[in-house]
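# An overview of the molecular structure
Listed below, chain by chain, are the residues.
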Amino acid sequence: MNAVPFDTWSAQAPDPRFSAWLRESSEPDWSAVTGHPFATAILDGTAARERMRRYLLQDLLFLDRWTALLGAAVACADTFPGRLTFARFLGQTAAEEEASYFDRALDALGVTPGERASARPEPATADFLALMDQARSSQDYPSILAVLCVVEWSYLGWASRAGEPPADFVLREWIDLHEGPDFRAWVGFLRGELDRIGPALPDEGREHVRAVFRRAVRLEADFFDMAAEG
Ligand SMILES: Cc1ncc(C[n+]2csc(CCO)c2C)c(N)n1
């Protein structure tokens with residue numbers, strides 16, 4: 001685990017971006033997420049139906065709070081262009097694929113509307129919801145960004161390993177949602193915001209962002225572990 005302060009690290013790093021420092025500081029958890037066996041099972045088409053069912057039901061709870069966190073980014077971004085980018089993304093995810101994907105996938109997995117409405121967070125989900133609530137209520141743009149960036153960038157990490165697409169649309173579309181030029185550009189934007197804002201923070205501000213980023217990466221690993229077990 002990299003515990004080196006940003007200034008020391010950036011003086012000798014080949015890619016001295018603030019977001020690269022955050023990612024390096026999150027090892028070995030970062031690689032545990034992007035190389036997770038459950039992600040691999042989605043990619044190679046072997047993820048069991050029962051597990052996808054539980055994973056997506058928990059992710060529906062996650063997505064509610066994620067949407068709220070995007071709203072906080074709209075409210076707290078420090079520039080007008082940045083605010084518009086968050087607003088555009090929020091509008092797209094609310095309107096388009098994400099919502100329709102969940103409906104179709106949960107239907108295909110035989111999840112009834114009653115089961116959807118009564119789903120309760122498992123411990124890993126509850127911890128993630130708490131982190132998102134904390135970032136949202138802090139109204140602290142760097143902390144909000146750190147959580148958003150982990151959620152998107154780590155998913156791009158595993159989805160980039162895609163080979164032959166699985167035949168089952170539940171798996172195939174889930175991979176497609178986290179890959180492709182638009183999604184890459186969005187992750188690039190989030191990293192760019194951290195790269196712009198992080199170096200300007202005082203030391204304790206940078207350490208706080210690093211702690212939030214690490215916590216989010218740890219929770220992504222726990223979330224996949226939850227999906228993979230049982
Ligand atoms: C636990 C968990 N972590 C990350 C994602 C990825 N993700 C969440 S919202 C969103 C934006 C829509 O493209 C993406 C990519 C997830 N679904 N579940």
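- As recorded by an unreviewed UniProt entry, the protein chain carries the name Aminopyrimidine aminohydrolase and is attributed to Marinactinospora thermotolerans DSM 45154.
- UniProt lists a comment for the protein chain under the heading Function (unreviewed entry), and it reads "Catalyzes an amino-pyrimidine hydrolysis reaction at the C5' of the pyrimidine moiety of thiamine compounds, a reaction that is part of a thiamine salvage pathway. Thus, catalyzes the conversion of 4-amino-5-aminomethyl-2-methylpyrimidine to 4-amino-5-hydroxymethyl-2-methylpyrimidine (HMP)."

## A word on the overall build of the protein chain
- A count of helices and strands for the protein chain gives 13 helices and zero strands.
- The order of helices and strands in the protein chain, counted from the N terminus, is α-α-α-α-α-α-α-α-α-α-α-α-α.
- By the compact-globule yardstick of 17 Å for 230 residues, the protein chain fits well, its C-alpha radius of gyration being 17 Å.
- For the C-alpha atoms alone, the extent of the protein chain along its principal axes is close to 50 × 35 × 30 Å.
- In the protein chain, which comprises 230 residues, the share counted as buried stands at 48%.
- Residue pairs at least 24 apart in sequence account for 78% of intrachain contacts in the protein chain once pairs closer than 6 positions are excluded.

## Regarding the nonpolar core
- Ranked by internal contacts, the top residues of the largest apolar core, which has 80 residues, are Ile 42, Met 52, Tyr 55, Leu 56, Phe 86, Trp 158 and Trp 174.
- Ranked by residues supplied to this core, first place goes to helix α10 (residues 141-159) with 14 residues.
- Excluding anything up to four places from it in sequence, Ile 42 contacts Ala 47, Met 52, Tyr 55, Trp 158, Pro 166, Leu 171, Trp 174 and Ile 175.

## So, the UniProt feature "binding site: substrate" (unreviewed entry) in the protein chain
- Those places that UniProt annotates as "binding site: substrate" (unreviewed entry) correspond, in this numbering, to Asp 59, Glu 98 and Glu 152.
- Tracing the backbone shows Asp 59 in helix α5 (residues 49-76).
- With relative accessibility at 5%, the residue Asp 59 sits in the buried group.
- Not counting residues within four places of it along the chain, the set of residues in contact with Asp 59 comprises Phe 102, Trp 174 and Phe 223.
- Note on placement: Glu 152 falls in helix α10.

## What to know about the packing of aromatic side chains
- Within the structure shown, the criterion is met by 24 aromatic pairs.
- Seen in terms of ring centroids, Phe 62 and Phe 223 are 6.1 Å apart; in terms of plane orientation they differ by 55 degrees. Their pairing is tilted. With Phe 62 in helix α5 and Phe 223 in helix α13 (residues 203-228), this pair connects stretches of sequence that are 161 residues apart.
- For Phe 223, a relative accessible area of 1% puts it in the buried group.
- With 6.3 Å between their ring centres and 70 degrees between their planes, Trp 158 and Phe 224 make a pair best called edge-to-face. Residue Trp 158 is found in helix α10, and its partner Phe 224 is found in helix α13; the two are separated by 66 residues along the sequence. Each member of the pair Trp 158 and Phe 224 is classed as buried.

Procedures and definitions
Residues numbered from 1 in each chain as written. Predicted model: local features only at pLDDT ≥ 70, side-chain atom pairs only at ≥ 80, totals over all residues. Heavy atoms only, no water. UniProt positions renumbered as here; feature names shortened; annotations may be inferred. Helix = DSSP H or I, 4+ residues; strand = E, 2+ residues; numbered from the N terminus. Rg over C-alpha atoms; globule rule 2.2 N^0.38 Å. Buried < 20%, exposed > 50% of the residue type's maximum accessible area, 1.4 Å probe, protein only. Contact = heavy atoms within 4.5 Å. Core = buried A, V, L, I, M, F, W, Y, C linked by side-chain atoms within 4.5 Å. Phe/Tyr/Trp six-rings, centres within 6.5 Å; stacked < 30°, edge-to-face > 60°.

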